[in-house]
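# Residue-level structural notes
Below, each chain spelled out in residue letters.
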Amino acid sequence: MPELVVTALLAPSRLSLKLLRAFMWSLVFSVALVAAAVYGCIALTHVLCRPRRGCCGRRRSAPPACLSDPSLGEHDFLNLKSSGLRLHYVSAGRGNGPLMLFLHGFPENWFSWRYQLREFQSRFHVVAVDLRGYGPSDAPRDVDCYTIDLLLVDIKDVILGLGYSKCILVAHDWGALLAWHFSIYYPSLVERMVVVSGAPMSVYQDYSLHHISQFFRSHYMFLFQLPWLPEKLLSMSDFQILKTTLTHRKTGIPCLTPSELEAFLYNFSQPGGLTGPLNYYRNLFRNFPLEPQELTTPTLLLWGKKDTYLELGLVEAIGSRFVPGRLEAHILPGIGHWIPQSNPQEMHQYMWAFLQDLLD
């Protein structure tokens, strides 16, 4: 068929897609402005209630001692083959078994896996990375350096750079989103997955379009689409919004000590420390709309019934995309979003049972 005819036939579809994306972006930025007004009021209230802290976040001069706890493993850096970036990671148990690679979420870092690093290093080579933009890892400034495609290549380079051909991928929150996509595009590199509190982006997209309440739970994502303002609001009153997120009595991480809180705030308090992590969100809507994708990697899915940010209905939506028999899902009653830190013992029990046949 002549190229001109094909172009003419496809023109209406391309125009419709462009109009849909234009409408989507106008809606996203409209909601972002509303979210900015709400969060602006919250941040200003924190400043007025705690005037001594001022309008800026206090830069921490030294990391807390818990980040150097030798029981968690050894600190090292890996130069990535594809990008040339240098990622920081903590490793323990090399030679004890298969690679177990941990991917953290926001606003966290490798330290969010401290309980799992201790638990599994006797039978696995456990590695918790600081994803690009986080902690001591390299943090490019450009938003385009944080696309899903580039982040997936980072994970591939970590696995191969550590000398492995496959791994057990354990992921939470943003790390979970990356893990789902990694298992689709690099299935040969993933033997098993353990996913906690996170959905594939295509599932999240379709579910949210039919359940507007999920958009309200994820309102912060719209704020993060804006340039520079989110960094300013999150840092006001010495990062009080982040502190509240992590320590709230009902929705935060139970029993988080002041030192452990500082383990997350230390790197965010450094110049530009929030920009890299927020650039992940600024690429979320880049590929809208997404096509449904089949999920085939054997996966253990753990979900808190009281998750503040993600609705319970997403579990069923994820299951509908799976090849039968490949998903083992558990809903944990009375538990929120931060399962690896709030309920490590329950998580470990499910993980040992799920991985037992690999160790026999």
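Source: prediction; values computed, not measured.

## Thoughts on the pairing of strand 7 (residues 299-304)
- Most of strand 7 sits out of view: 6 of its 6 residues are buried.
- Burial along strand 7 is two-sided: Thr299, Leu301 and Trp303 facing one way and Leu300, Leu302 and Gly304 facing the other are all buried.
- Bridge analysis of strand 6 (residues 190-196) against strand 7 gives 4 bridges, and the strand direction is parallel. When the bridges of strand 7 are listed, valine 196 appears paired with leucine 302.
- Sheet topology places strand 7 next to strand 8 (residues 327-332); 6 bridges connect them, and they run parallel. Its bridge partner being in strand 8, leucine 301 is matched across the sheet by alanine 329.
- Between the parallel elements strand 7 and strand 8, the chain passes through helix 11 (residues 313-319) in a crossover that is right-handed.

## Topic: helix 8 (residues 229-247)
- Across its 19 residues, helix 8 extends only 23 Å between first and last C-alpha, which sits more than 12% below the 27 Å expected from 1.5 Å per residue.
- By the largest-angle criterion, serine 237 marks the main kink of helix 8, which is about 110°.
- Counting buried positions along helix 8 gives 14 out of 19 residues, so the element sits mostly inside the fold.

## Brief notes about the domain arrangement of the protein chain
- Taken domain by domain, the protein chain comprises domain 1 (19-59 + 211-283) and domain 2 (73-207 + 294-358).
- Measuring from the centre of the C-alpha atoms in domain 1 to the corresponding centre in domain 2 gives 23 Å.
- For the pair domain 1 and domain 2, the summed buried surface comes to about 3,100 Å²; carbon and sulfur atoms form 59% of the total.
- Remark: the boundary between domain 1 and domain 2 carries 2 salt bridges.
- Between glutamate 311 and arginine 217 there is a salt bridge; the shortest N-O distance is 3.8 Å.

## A closer look at the UniProt feature "domain: AB hydrolase-1" (unreviewed entry) in the protein chain
- As recorded in UniProt, the feature "domain: AB hydrolase-1" (unreviewed entry) lies at residues 98-339.
- Note that residues 98-339 is 41% helix and 14% strand, and that its end C-alpha atoms are spaced 23 Å apart.

## So, a nonpolar patch on the surface
- On the surface, Phe23, Leu27 and Val31 cluster together into a nonpolar patch covering about 280 Å² of accessible area.
- Summarising the element assignment, phenylalanine 23 is placed in helix 1 (residues 3-49).
- Phenylalanine 23 gets classed as exposed once you look at its relative accessible area, which sits at 55%.

## A short note on the sheet that holds strand 5 (residues 167-172)
- Strand order across the open sheet formed by 8 strands is 1-2-4-3-5-6-7-8, with mixed pairing between neighbours. What marks the edges here is a single partner per strand, and that holds for strand 1 (74-79) and strand 8. Averaged over neighbouring strand pairs, the angle between their axes works out to 20° when direction is ignored.
- The strands touched by helix 13 (residues 344-359) are strand 3 (99-103), strand 5, strand 6, strand 7 and strand 8; relative to strand 6, the strand with the most contacts, the crossing angle is about 165°.

## Examining the packing of helix 8 against helix 9 (residues 258-268)
- As a packed pair, helix 8 and helix 9 sit with axes 11 Å apart at the nearest point and diverge in direction by 150°. In terms of orientation, helix 8 and helix 9 fall into the roughly antiparallel class. Handedness of the crossing formed by helix 8 with helix 9: right-handed. Contacts between helix 8 and helix 9 involve Phe239, Leu242, Lys243, Leu246 and Thr247 from the former and Leu261, Phe264, Leu265 and Phe268 from the latter.
- Across the contact of helix 8 with helix 9, the residue classes tally to 7 nonpolar, 1 polar and 1 charged.

## Considerations on helix 4 (residues 174-185)
- For helix 4, with 12 residues, the first-to-last C-alpha span of 17 Å sits near the 16 Å given by 1.5 Å per residue.
- With 10 of its 12 residues buried, helix 4 lies for the most part within the structure.
- Within helix 4, burial applies to Trp174, Gly175, Ala176, Leu177, Leu178, Ala179, Trp180, His181, Phe182 and Ser183.

## Quick word on the environment of aspartate 157
- Assignment of secondary structure puts aspartate 157 in helix 3 (residues 148-161).
- For aspartate 157, a relative accessible area of 6% corresponds to the buried category.
- Residues aspartate 157 and lysine 81, spaced 76 residues apart in sequence, show a C-alpha to C-alpha distance of 6.2 Å.
- Discounting chain neighbours no more than four positions away, the residues touching aspartate 157 are Leu78, Leu80, Lys81, Ser82 and Ser83.
- A polar side-chain atom of aspartate 157 sits 2.9 Å from a polar atom in the side chain of serine 82.

## Focus: the UniProt feature "transmembrane region" (unreviewed entry) in the protein chain
- The UniProt feature table records "transmembrane region" (unreviewed entry) at residues 26-49.
- Structurally, residues 26-49 comprises 100% helix and 0% strand, and the distance from its first C-alpha atom to its last is 35 Å.

## A look at the packing of helix 3 against helix 4
- Between helix 3 and helix 4, whose axes approach to 10 Å, the crossing angle comes to 80°. Taken as axis vectors, helix 3 and helix 4 run roughly perpendicular relative to one another. Contacts between helix 3 and helix 4 involve Ile148, Leu151, Leu152, Ile155, Lys156 and Ile159 from the former and Trp174, Leu177, Leu178, His181, Phe182 and Tyr185 from the latter.

Reading the values: rules and limits
Residues numbered from 1 in each chain as written. Predicted model: local features only at pLDDT ≥ 70, side-chain atom pairs only at ≥ 80, totals over all residues. Heavy atoms only, no water. Buried < 20%, exposed > 50% of the residue type's maximum accessible area, 1.4 Å probe, protein only. Helix = DSSP H or I, 4+ residues; strand = E, 2+ residues; numbered from the N terminus. Pairing = 2+ DSSP bridges. Right-handed = clockwise from strand over helix to strand, strands pointing away. Expected span 1.5 Å × (residues − 1). Bend = angle between axes of the 7 residues up to and from the residue. Domains from an automatic or database assignment. Buried area = accessible area lost by both parts, 1.4 Å probe. Salt bridge = Lys/Arg side-chain N within 4 Å of Asp/Glu carboxyl O. UniProt positions renumbered as here; feature names shortened; annotations may be inferred. Patch = residues over 30% accessible without salt bridge, like charges linked within 9 Å, V, L, I, M, F, W, Y side chains within 5 Å. Areas by Shrake-Rupley, 256 points an atom, 1.4 Å probe, with all protein chains shown as cover. Axes fitted to C-alpha atoms, helices over the stretch in contact; angles between N-to-C directions. Contact = heavy atoms within 4.5 Å. Parallel < 35°, antiparallel > 145°, perpendicular 65-115°, else oblique. Left-handed = near helix turned anticlockwise from the far one by under 90°. Nonpolar A, V, L, I, M, F, W, Y, C, P; charged D, E, K, R; others polar. Polar contact = N/O pair within 3.5 Å; in protein donor to acceptor, adjacent residues only side chain to side chain.

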